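Understanding the architecture of this molecule
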Amino acid sequence: MSYSPKTIESKWQKRWEEEEAFEPSEDRSLPKKYILSMFPYPSGRIHMGHVRNYAIGDALARYYRKQGVNVLHPIGWDAFGMPAENAAIKHKRHPAEWTYENIAYMRRELTALGLSFSREREFATCDPLYTRWEQEFIIRMFEAGLMYRESTTVNWCETCHTVLANEQVEEGCCWRCDNPVVLREMPGYYIDIVRYADELLDDLKRLEGKWPEQVLTMQRNWIGRSRGLEFRFELSDGSKAKLSGCFDGFEVFTTRPDTIFGVTYAALAPEHEIVKYLLDHDLLESEVAERIRAIANMSERERAQAEKEGYPLGLSVIHPLTGEDIPVWTANFVLASYGGGAVMAVPAHDERDYEFATKYGLPIKRVIEGGELPYTGDGPLIDSGVFTGKPNREALEEIIAFFEAEGLGTSRINYKLRNWGVSRQRYWGAPIPFVHCPTCGLVPEKIENLPVTLPEDVEITGEGNPLESHPTWKHCECPQCGGEATRETDTLDTFVQSSWYQFRYATDPAKWEETGIDRADSDYWMPVDQYIGGIEHAILHLLYARFFTKALRDLDYHGIDEPFERLLTQGMVLKDGAKMSKSKGNTVDPDAIVEKYGADTARLFILFAAPPQKELEWNDSGVEGAYRFLKKLYARREKVVHDRLPEIEHASLAPEAKEARAKVYEALRRSKDVFEKTFAFNTLIAATMEALNALDKQSEEAVWSEGMYILLHLLEPIVPHVASELSEELFGRANLREAIPLKEEVFVTESVTYAVSINGKRRTEVAVPAEADNAAIVAAAREAGARWLEGMVIVKEIVVPKKLVNFVVKPA
């Protein structure tokens, strides 16, 4: 009987479903492993990136189950968001209908891959029950002062008709539709993530060695904690008069107070209130005003990439220590979101300030001795009043202390991290559970009234927010006074849903109606032991999930500090050197691969082609090779005559049989490290292939039986269908239910093969007894290399233990 993946795979998928084989145990005395892959958006079809992600997680889940560990390996659907609305517009269908239909199809695709997900714990984030608990969390955050509403300048995507968080603006464009983002003033809801900035930053130390260093660095840089001096620049009398007495100065923050004597200009963000006043009162030339407004409408990332640009404002401030007049400019590199939107500029010791000053001919004053300007290194201060001559780092602290003693400023810690704007002006999202009452103001909905669900009778045109234009949905009673009120029509950023889903999986589904997160369940399952997903989520999802974990902990929902103990970021799947995309015409359909070769072939190739952390280049011949290996493996079942692990007297075996056993057990020895540390499945698969080849070169029936018993055990997490089929047929699946001990005897070698080199050039090889000393090894090597040593004088003999013998020679 030949290998028939379709028959085998459908059989085992049905068997696993009937056995409920992948549901975690309720026995809390068992050791646990929580293996989680980032859940997919239900776009309609899985892609090869999904296959890679889920094959990695599934291999780990299946490995730990065989160790007797209680494994939670769930899947769900990140189901809210713009694509469903876009599909509703294009196909004239309701987003919910489109979403749940896609979920059903993709669930079948995942099942066809043999992925061992828990069925009982599956959910979609658009399920009303999920929304109900999420809305409760939001209300509790609001009550704790962690969520608030205010009007600010926001990133607005005109295409998606929604607000974007800073993290969702990529190179000036929307992260989802890739169209330009503009700045707009509007009210919205914010979560005070900055309150947790220190803990988010400090706790990264706990993840060192467990998360990729690149991800840790990206989060550190995004949080951007810096200590410095905050002080006030007083406006000159003439400047106060120009501003009609409406302003008398502005605050600045600097991390380099040691350079304060080198300030030659100050710069304000285009959005700064003083700049706005000048624009609103036509106090600037029209061309200058037009350019400043254009800069203000650029995203922060666009400004960072643009050439330095700025304009004098006709204002000056007084230096707090020297009393000098300092000109005030507006500049595109000054951000309203950092340090109050105002900076002191020291061009001699800051590259950005130097570039700007050089472009516009502004003064440059050195105050630290050192190299060429701009000099950003350390050294003694010069021209710095009483601090002259002091090392600049020492003077930095003294200058802060002086400002505080004189009441001129204060030491302060600042962050690049900004509070998380979670308002989205779209229909397909979780409604923000607040009510606007003319009497009571902003009021949270009563907990017993949750969930606030979306109306189904909407028409989605792509213009504006359907909740805002709905004739009845937004009209309601105030939960506080009972008077007429209006529901909030913004919905939550979809990153809120993916920030706590790991806790929902950990909660027993029997409790889902009564609680969002069960503390006892969370204490057992959390944190996630191994999280798997793309590097593109390093800042957005991973930072938000870490924050949500800490916030919900402080609201007493659980006792966990960090959600993900270990993180694996898998590389992209490429074809023809580029990321797969429909527009490039280089996609590979997983359904077609499964149909032609079977799920085990797809899984084997995707784990064999490259280490998980590296990019994987799709290779059709590699898929064929994986299929041939499985056919060969299946055919070798005829070699097995024992139905259990046989006892073998190793010493009496022929050399080929000993070599085969060594290869089999070498694969077994490697497996623990692969599954628990390195995830280098490619090396384990290569070892099993070598072992099968070695088995082919010997004829001992017992060695064949032992080899297949162990190889099927090793391969089951990777190719579960064929491994289960053969294991049942040959061994009653006993090899999948027990750990297999290593037998060190197989690694004891009777002889060692040495390469023989002459003047570094390999000429031949020789086998010598394993216990031979150097003299015996050299003698054997001389004999083997006699033809190349003839007529030569040996100058030096070099023995590299268990590897080679090299003779350095010269003509006699």
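Residues numbered from 1 in each chain as written. Predicted model: local features only at pLDDT ≥ 70, side-chain atom pairs only at ≥ 80, totals over all residues. Heavy atoms only, no water.

Before going further, it helps to examine the sheet that holds strand S28 (residues 761-769). In spatial order, the strands read S28-S27-S30-S29; together these 4 strands make up an open sheet with mixed pairing. In this open sheet, the two strands that pair with only one neighbour each are S28 and strand S29 (792-800). Neighbour-to-neighbour, the strand axes of this sheet turn through a mean angle of 25°, independent of strand direction. In the sheet, strand S27 (residues 751-758) pairs with S28 via 8 bridges, with the strands oriented antiparallel. The residue of S28 that forms the bridge with Val752 is Val768. Helix H26 (residues 774-784) contacts S27, S28, S29 and strand S30 (804-811) of the sheet and is inclined by roughly 130° relative to S28. (Pairing = 2+ DSSP bridges. Helix = DSSP H or I, 4+ residues; strand = E, 2+ residues; numbered from the N terminus. Axes fitted to C-alpha atoms, helices over the stretch in contact; angles between N-to-C directions. Contact = heavy atoms within 4.5 Å.)

So, about the pairing of S29. Of the pairings in the sheet, the one linking S29 to S30 comprises 8 bridges and is antiparallel in character. Its bridge partner being in S30, Lys796 is matched across the sheet by Val808. Counting the residues in the hairpin turn of S29 and S30 gives 3 residues, including Lys802, whose phi is positive at 65°.

Inspection of every chain in the model, using the stated rule, returns 1 cavity of 30 Å³ or more. Taken as a whole, the largest cavity spans an internal volume of roughly 60 Å³. Lining of the largest cavity is provided by Met82, Cys160, Thr162, Leu164, Gln168, Cys174, Trp175, Arg176, Arg424, Arg426, Asp493 and Thr494. Tallied by class, residues from the lining of the largest cavity come to 5 nonpolar, 3 polar and 4 charged. (1 Å grid on protein atoms, 1.4 Å probe; cavity = no way out; pocket = protein on both sides within 12 Å on 5 of 7 lines; lining within 4 Å. Points joined across faces, edges and corners; volume = space filled by probe spheres on them. Nonpolar A, V, L, I, M, F, W, Y, C, P; charged D, E, K, R; others polar.)

Attention now moves to the nonpolar core. Ranked by size, the top nonpolar core spans 172 residues in total, and within it Met147 and Trp420 carry the most contacts. Met147 has contacts with Ile138, Met141, Phe142, Tyr189, Tyr190, Ile191, Val422, Ile432, Phe434 and Leu492, leaving out every residue within four places of it along the chain. Within the second largest apolar cluster, 42 residues are counted, among which are Phe247, Val252, Ile260 and Val367. (Core = buried A, V, L, I, M, F, W, Y, C linked by side-chain atoms within 4.5 Å. Buried < 20%, exposed > 50% of the residue type's maximum accessible area, 1.4 Å probe, protein only.)

At a closest axis distance of 11 Å, the pairing of helix H23 (residues 681-696) and helix H24 (residues 701-715) adopts a crossing angle of 165°. Of the possible angle classes, the one that applies to H23 and H24 is roughly antiparallel. In the packing of H23 onto H24, the handedness of the crossing is left-handed. For the pair formed by H23 and H24, the contact residues are Thr688, Ala691, Leu692, Leu695 and Asp696 on the first element and Val703, Trp704, Gly707, Met708, Leu711, Leu714 and Leu715 on the second. Within the contact of H23 with H24, the residues separate by chemical class into 9 nonpolar, 2 polar and 1 charged. (Parallel < 35°, antiparallel > 145°, perpendicular 65-115°, else oblique. Left-handed = near helix turned anticlockwise from the far one by under 90°.)

Moving on, we come to the sheet that holds strand S26 (residues 616-617). Pairing is mixed across the open sheet formed by 3 strands, whose spatial order is S25-S24-S26. Lying at the two open borders of the sheet, with one neighbouring strand each, are strand S25 (578-579) and S26. Relative to S25, strand S24 (residues 573-575) runs antiparallel, the two being bridged by 2 bridges. Counted as the bridge partner of Lys575 is Ala578 from S25.

Glancing now at unusual backbone geometry. The peptide bond linking Leu450 to Pro451 adopts the cis configuration, its omega dihedral lying at 5°. Note that Pro451 resides in the loop between strand S18 (441-444) and helix H14 (466-469). Of note, the bond from Met526 into Pro527 is cis; its omega dihedral lies within 30 degrees of zero at 0°. Here Pro527 lies in the loop between helix H17 (519-525) and strand S22 (530-534). The backbone phi angle of Asp556 is positive, close to 70°, even though this residue is not glycine. Inspection of the secondary structure puts Asp556 in the loop between helix H18 (540-554) and strand S23 (567-570).

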